[in-house]
Amino acid sequence: MKRFHVHVSVENLDQSIGFYSKLFGQKPTKEKSDYAKWMLDDPRVNFAISTRSKEAGLDHFGFQVESDQELQELKKLADAASNNQVLTQNDAVCCYANSEKHWTIDPQGIAWEHFHTLSEAKTFGSDKTESKE
């Protein structure tokens, strides 16, 4: 089953954690010095914030999946939407997780990430695609 993913870049992490914890009615599922994430079940959303982007605001959208098969299905859709302009990242480390993923950019320049989380990681890691230059 897929989970919608939103990543927002924030200027003040503590202030934003306070705001979103009240907005969602729960504390973050994961909290680090530069990152926080809420895994909401109603609606099914992986909502993340971090201080790692160049400017505050929307960083990217995406879908988190639970299987490699779901990831491959989304890859076919991303290939069709972007004329095969998809960046695949095998063995990616990002957002304190080890994942298989791919990226595409929509016509407005917003990055879309599809990923399957495999395990926890000790570092934030990095990605090769950013929604803002």
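Notes on the structure in this doc start here.

Thresholds, definitions, all that
Residues numbered from 1 in each chain as written. Predicted model: local features only at pLDDT ≥ 70, side-chain atom pairs only at ≥ 80, totals over all residues. Heavy atoms only, no water. Helix = DSSP H or I, 4+ residues; strand = E, 2+ residues; numbered from the N terminus. Expected span 1.5 Å × (residues − 1). Buried < 20%, exposed > 50% of the residue type's maximum accessible area, 1.4 Å probe, protein only. Contact = heavy atoms within 4.5 Å.

What follows concerns unusual backbone geometry. Of all residues except glycine, most have a negative phi; of all peptide bonds, most are trans. A cis amide bond links aspartate 42 to the next residue, proline 43, at an omega of 0°. Among the secondary structure elements, proline 43 is positioned in the loop between β3 (35–41) and β4 (44–50). For asparagine 83, which is not glycine, the phi dihedral falls at a positive 55°. Considering the arrangement of structural elements, one finds asparagine 83 in the loop between α2 (68–82) and β6 (87–94). Positive phi values are uncommon outside glycine, yet asparagine 84 reaches one of about 65°. Following the sequence through the fold, asparagine 84 ends up in the loop between α2 and β6.

Here the focus is α2. Compared with an ideal rise of 1.5 Å per residue, which puts 15 residues at 21 Å, α2 spans 21 Å between its outermost C-alpha atoms and is within 8% of the ideal. Residues of α2 that are buried: Glu70, Leu71, Leu74, Lys75, Ala78, Asp79 and Ser82. Residues of α2 that are buried in the fold lie against β5 (57–65), β6, β7 (97–105) and β8 (111–120).

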